[in-house]
Structure formats: C-alpha cells, structure tokens
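Take a look at the letters that make up each chain.
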Amino acid sequence: MKKQSGKLHPLTQTIRTISQIFVDMGFEIAEGPYVEDEWHNFDALNVPADHPARDMQDTFYITEDTLLRTHTSPVQVRTMLEKGGKEPIKILCPGKVFRRDEDDATHSHQFMQIEGLVVDETTSMADLKGTLLATAKKLFGEKREIRLRPSYFPFTEPSVEVDVSCHNCN
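Residues numbered from 1 in each chain as written. Predicted model: local features only at pLDDT ≥ 70, side-chain atom pairs only at ≥ 80, totals over all residues. Heavy atoms only, no water.

Novice: Teacher, can you tell me more about the overall build of the protein chain here?
Specialist: Per the secondary structure count, the protein chain includes 4 helices and 7 strands. In sequence order, the protein chain lays out its α and β elements as α-β-β-α-β-α-β-β-α-β-β. Along the first, second and third principal axes, the C-alpha atoms of the protein chain reach 50 × 50 × 35 Å. Across the 170 residues of the protein chain, 28% fall into the buried class. (Helix = DSSP H or I, 4+ residues; strand = E, 2+ residues; numbered from the N terminus. Buried < 20%, exposed > 50% of the residue type's maximum accessible area, 1.4 Å probe, protein only.)

See below:
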C-alpha cells in the first residue's frame, strides 16, 4: 500500500479554488515581487506621503524606499504599466502581503490577499456585481443568500461589500 505524502494546506486550496473561479471567467493570474519600492507600493496608488500606512510601525521597510509589499495592488500598477493602456485588463492578483501587526488569534504580520482588476471601456457596475455574485455562489454554494451593500473605500469607486448567509444558521 502506497503511503500518502500529505495534502495541500487549506489556504493553498482556497487560493487555488478562488483563482480557478476567476480563470473560468476569463481572468489572468498576475503576480509580482514581495519586495517593492515606495513608488509601486504607495506613490502610484496615490497614497499620500503623510498617510499612516507609510509609517515605520505599519510597514516593513528594508531601506528608506524599499519595503515588503503591504498589499497586492503593486501588481495592478505593474500590469497597467505593462499594458500601456493599449488593451483591456482582467487580472486576479493573489499573494502574500506584509504588515507590522501584532500577531494574535486574528492578526498576522504576513497574510494572503486577493485583488481583482478589470479595466475596459465596456465594463460597468453590473459586471462587478455579476462577478461578485457568481464568485460567492461558486465558493459558498448555490443555496447561500448573497447580498451586495454599497460601501465606501477610498481606493475604489463605486464600491460594494459582499455578505453571505451562514451555512449553520442561515
């Protein structure tokens, strides 16, 4: 009898599942470096120089302008620069990010983030809603109730949050 050599970590399984859902909808997977410069991580994203996220207590700086990325948004910046506005963009950016958080039961200095970006003249809020609803149904099951709530995030406009009914309590 052949011994099993192990299984994928649940986090790896989840990232692969989410990535496949988006690939099936026509997205490309985009990745970027963990070590970033301030320009890609903050400046190109219009994060002001005095923003708290740039503080030493929130960001792992390696040198004065080199750091461990604090989000996967620099991957979006790199992709947009690479495409040069000449073609539509439809990417999913999964990856590790790093922040100076106190490690406890709900926080870690290193965690996974997944961001999507679609840039196209024909894309609308209806496309975002359809993508989010389809993703939630595929990820959590057809029986789950899904609600999209308008929300405000300073880095996206318009914005929504997704609520999914609990599988235990409905």
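Novice: Sorry if this is basic, but what is going on with the packing of aromatic side chains here?
Specialist: For any two aromatic rings, the description comes down to two numbers: the centre-to-centre distance and the angle of the planes. This model, assessed by the stated rule, comprises 2 aromatic pairs. On the basis of an interplanar angle of 85° and a centroid distance of 4.9 Å, the ring pair of Phe 22 and Phe 27 is categorised as edge-to-face. (Phe/Tyr/Trp six-rings, centres within 6.5 Å; stacked < 30°, edge-to-face > 60°.)

Novice: What is the right way to read the nonpolar core from this model?
Specialist: As a rule of thumb, soluble globular proteins bury nonpolar side chains together. Membership of the largest hydrophobic core is limited to 6 residues, which are Ala 30, Val 75, Ile 89, Ile 91, Cys 93 and Leu 117. Of all the elements, strand E4 (residues 89–98) adds the most residues to this core, at 3 residues. Residues contacting Ile 89, with those up to four places away along its chain left out, are Thr 79, Met 80, Lys 83, Leu 117, Val 118 and Val 119. (Core = buried A, V, L, I, M, F, W, Y, C linked by side-chain atoms within 4.5 Å. Contact = heavy atoms within 4.5 Å.)

Novice: Where do I start with the confidence of the model for the protein chain in this structure?
Specialist: Averaged over all residues, the pLDDT of the protein chain is 90; the fraction at 70 or higher stands at 99%. Looking over the protein chain, one finds the lowest element-wise mean pLDDT in strand E7 (residues 156–164), namely 87, and the highest in strand E1 (residues 28–29), namely 98. (pLDDT = per-residue confidence, 0-100.)

Novice: Can you walk me through the side chain of Thr 131 in this structure?
Specialist: On the secondary structure map, Thr 131 appears in helix H4 (residues 125–140). Residue classification places Thr 131 among the buried residues on the basis of a relative accessible area of 18%. Those residues in contact with Thr 131, other than ones at most four positions away along the chain, are Phe 22, Met 25 and Phe 27.

Novice: Can you help me understand the pattern of salt bridges in this one?
Specialist: The final tally for this structure, using the stated rule, is 5 salt bridges. Ionic pairing is found between Arg 78 and Glu 36, a salt bridge with its closest N-O pair at 2.8 Å. Highlighted residues: Arg 78 in helix H3 (residues 73–83) and Glu 36 in strand E2 (residues 35–37), separated in sequence by 42 residues. (Salt bridge = Lys/Arg side-chain N within 4 Å of Asp/Glu carboxyl O.)

Novice: Help me understand the sheet that holds E1 in this model?
Specialist: Whenever strands of a sheet pair, they do so through backbone hydrogen bonds, lying parallel or antiparallel. If you trace the 3 strands from one edge of the open sheet to the other, you get E1-E4-E5, paired in mixed fashion. Of all strands in the sheet, those with a lone pairing partner are E1 and strand E5 (110–119), marking the two edges. Where helix H1 (residues 10–24) meets the sheet, its contacts fall on E1, E4 and E5, and the angle it forms with E4 comes to roughly 165°. Strand contacts of H3: E4 and E5, with the helix running at about 145° to E4, the strand carrying the most contacts. (Pairing = 2+ DSSP bridges. Axes fitted to C-alpha atoms, helices over the stretch in contact; angles between N-to-C directions.)

Novice: Can you help me understand H3 in this one?
Specialist: Taken together, the buried positions of H3 are occupied by Ser 73, Pro 74, Val 75, Gln 76, Val 77, Thr 79 and Lys 83. Residues of H3 that are buried make contact with E2, helix H2 (38–41), E4 and E5. Looking at the residues trailing H3, positive phi occurs at Gly 84, about 60°.

Novice: Hey, could you run me through unusual backbone geometry in this one?
Specialist: The general pattern is negative phi for most residues beyond glycine and trans for most peptide bonds. The phi angle at Asn 46 is positive, at roughly 60°, despite the residue not being glycine. Relative to the helices and strands, Asn 46 is located in the loop between H2 and strand E3 (66–68).

Novice: Help me understand the pairing of E7, please; the structure alone is not making it clear to me.
Specialist: Side-chain positions along a regular strand alternate between the two faces of the sheet. Pairing of strand E6 (residues 146–153) with E7, which is carried by 7 bridges, proceeds in the antiparallel orientation. The residue of E7 that forms the bridge with Pro 150 is Val 160.

Novice: Is there a simple way to think about H4 in this case?
Specialist: Two residues of an α-helix separated by three or four positions point the same way, owing to the 3.6 residues in each turn. With 16 residues, H4 ought to run about 22 Å at 1.5 Å a step, and its terminal C-alpha atoms sit 22 Å apart, in line with that. All buried positions along H4 are accounted for by Thr 131, Thr 135 and Ala 136. Projected onto a plane normal to the axis of H4, the buried residues spread over an arc of 125° and lie on a single side. Buried residues along H4 sit in contact with H1, E6 and E7. (Expected span 1.5 Å × (residues − 1). Arc of directions from axis to C-beta.)

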